[in-house]
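Overview (structure and organization)
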Amino acid sequence: MDFDTLTPRKGTHSVKWDMMQPLYGVSPDDGLAMWVADMEFRPPACVQTALEKMLAHGIYGYYGDDAEYLAAIQWWMKTRHGWDVDAKHIFTTHGLVNGTALCIQAFTEKGDGVVLMTPVYHAFARVITAAGRQVVECPLTLNDGRYELDIPAWEARLTGRETMLILCSPHNPGGRVWTAQELAQIAAFCARHDLILVSDEIHHDLVMPGRKHTVMAHIDGVADRLVMMTATTKTFNIAGAHTGNVIIADTALRMRFAAAYNAAGMSANSFGMFMATAAYSPDGAAWVDALME
Ligand SMILES: Cc1ncc(COP(=O)(O)O)c(C=O)c1O
């Protein structure tokens, strides 16, 4: 990993640099673009090579036959997170904001409340509100610089109109890697209030040395209300690939999601599929290991 070479990005249609002035009135020559989780370094050579192969071929048609891509996801989840994923449970979306928006369509009705553990990644509230649902804030408590759950306070906030909770695990912006015990408490809260639990685990590969991310799918008793979301894009700094996964083990939930997915006319972005397949590989894993040293 090369942290020293600076690749200039201003004027390259980079949202964090080229939208800083229009959105915030700060010139990119004066400001530091730290408002989007999109970094300044290149992905591993395996991702670059996959794109170079596409360019050399020079044909950019529709993507088909996702067996290799699905196998790469299964391999990554098994080897990096000890999680067995059935390939039939995977839906590929145009990133996880898109995945969240599809979950809202699939599992909630207009006017429903969607619970967020705030402060949390801003786009959740944006898509909830844009879909005509209500954001229900359940604030995290800041104790000695560490965000913690406050489930008794949350119980008092619910009105009975909530149908979904969106969890950010690990937590953005708090940086917390939730413990298995905390995740079990969140799962029990969802069960008590009959909430679908959407677990956005986009940052799951990026935890500090000595910490361990727990996959929500490993928590007992949650499978029948759980929707998992993962992506290569934060781990490998390839957010422009706009490719992520919604993984649903429960058949009834999967059918509801499939209906929303089909209604939205979803299909794969071939650039993202090639990049993600290349990233979830032994070379990609070695690159992440070096990054986390
Ligand atoms: C928790 C979380 N989810 C989703 C996203 C964005 O996902 P995507 O680019 O796949 O839509 C971000 C981006 O920072 C994020 O922090």
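Residues numbered from 1 in each chain as written. Predicted model: local features only at pLDDT ≥ 70, side-chain atom pairs only at ≥ 80, totals over all residues. Heavy atoms only, no water.

**Topic: a nonpolar patch on the surface**
A cluster of nonpolar residues, V15, M19, L23, Y24, V26 and W35, forms a patch on the protein surface that exposes about 510 Å² of accessible area. As for its placement among the helices and strands, Y24 is situated in helix α2 (residues 20–24). (Patch = residues over 30% accessible without salt bridge, like charges linked within 9 Å, V, L, I, M, F, W, Y side chains within 5 Å. Areas by Shrake-Rupley, 256 points an atom, 1.4 Å probe, with all protein chains shown as cover. Salt bridge = Lys/Arg side-chain N within 4 Å of Asp/Glu carboxyl O. Helix = DSSP H or I, 4+ residues; strand = E, 2+ residues; numbered from the N terminus.)

**A closer look at the layout of surface pockets**
Counted as a void, the second largest pocket has a volume near 500 Å³. Sorting the residues of the lining of the second largest pocket by element identifies α3 (45–57), α4 (67–81) and α10 (270–279) as the ones contributing at least two each. A per-element tally of the lining of the second largest pocket places α3 first, with six residues. The residue inventory of the lining of the second largest pocket, partitioned by class, reads 13 nonpolar, seven polar and four charged. (1 Å grid on protein atoms, 1.4 Å probe; cavity = no way out; pocket = protein on both sides within 12 Å on 5 of 7 lines; lining within 4 Å. Points joined across faces, edges and corners; volume = space filled by probe spheres on them. Nonpolar A, V, L, I, M, F, W, Y, C, P; charged D, E, K, R; others polar.)

**Let's talk about the pairing of strand β9 (residues 244–247)**
Burial along β9 is two-sided: G244 and V246 facing one way and N245 and I247 facing the other are all buried. By the bridge criterion, four bridges tie strand β1 (residues 90–93) to β9 in an arrangement that is antiparallel. Within β9, the residue paired with I90 across the bridge is I247. Where strand β8 (residues 226–231) lies against β9, four bridges are found, and the strand directions are antiparallel. Paired with T230 across the strands is N245, a residue of β9. (Buried < 20%, exposed > 50% of the residue type's maximum accessible area, 1.4 Å probe, protein only. Pairing = 2+ DSSP bridges.)

**Here we look at the site of the ligand**
Inspection of the region around the ligand gives A37, G95, L96, V97, Y121, C168, N172, D200, I202, H203 and K234 as its neighbouring residues. In this structure, N172 approaches the ligand through a side-chain N or O atom, which is 2.7 Å from an oxygen atom. H203 has a polar side-chain atom sitting 3.0 Å from an oxygen atom of the ligand. When the ligand is considered free in solution it has 400 Å² of accessible area, and contact with the protein chains removes 94% of it. For the shell around the ligand, the per-class residue count stands at six nonpolar, three polar and two charged. (Near = heavy atom within 4 Å. Polar contact = N/O pair within 3.5 Å; in protein donor to acceptor, adjacent residues only side chain to side chain.)

**A short note on α4**
The terminal C-alpha atoms of α4, which comprises 15 residues, lie 21 Å apart, in line with the 21 Å expected from a rise of 1.5 Å per residue. Listing the buried residues of α4 in full gives Y69, L70, A72, I73, W76, M77 and H81. The arc enclosing the buried residues of α4, seen along the axis, measures out at 155°, which places them on a common side. Each element contacted by the buried residues of α4 is listed here: β1, β8, β9, α10 and α11 (282–292). In the segment just after α4, G82 is the residue with positive phi, at about 65°. (Expected span 1.5 Å × (residues − 1). Arc of directions from axis to C-beta. Contact = heavy atoms within 4.5 Å.)

**Brief notes about the sheet that holds strand β7 (residues 196–200)**
As summarised here, the arrangement of the seven strands in space is β1-β9-β8-β7-β6-β2-β3, forming an open sheet in which the pairing is mixed. Each of the sheet's edge strands pairs with one partner strand only, and the pair in question is β1 and β3 (134–139). Put simply, the sheet's adjacent strands are angled 25° from each other on average, direction ignored. Bridge count between strand β2 (residues 113–118) and strand β6 (residues 162–168): four bridges; the pairing is parallel. Residue G113 lies in a different strand from β6, and its bridge partner there is E162. (Axes fitted to C-alpha atoms, helices over the stretch in contact; angles between N-to-C directions.)

**Here's the deal with the pattern of salt bridges**
Proximity of charged atoms lets side chains of opposite charge pair with each other. Tallying each qualifying case throughout the model produces eleven salt bridges. Between R9 and D38 there is a salt bridge whose closest N-O contact spans 2.6 Å. On the criterion of sequence distance, the pair formed by R9 in the segment before α1 (15–18) and D38 in the loop between α2 and α3 is long-range, its members being 29 residues apart. Taking relative accessible area as the criterion, D38 reaches 14% and is therefore assigned buried. A salt bridge links D86 to K88; its shortest N-O distance comes to 3.5 Å. Take K88: its relative accessible area is 66%, and that puts it in the exposed class. Among the ionic contacts, a cluster of salt bridges with common partners joins R9, K16, D38 and E40.

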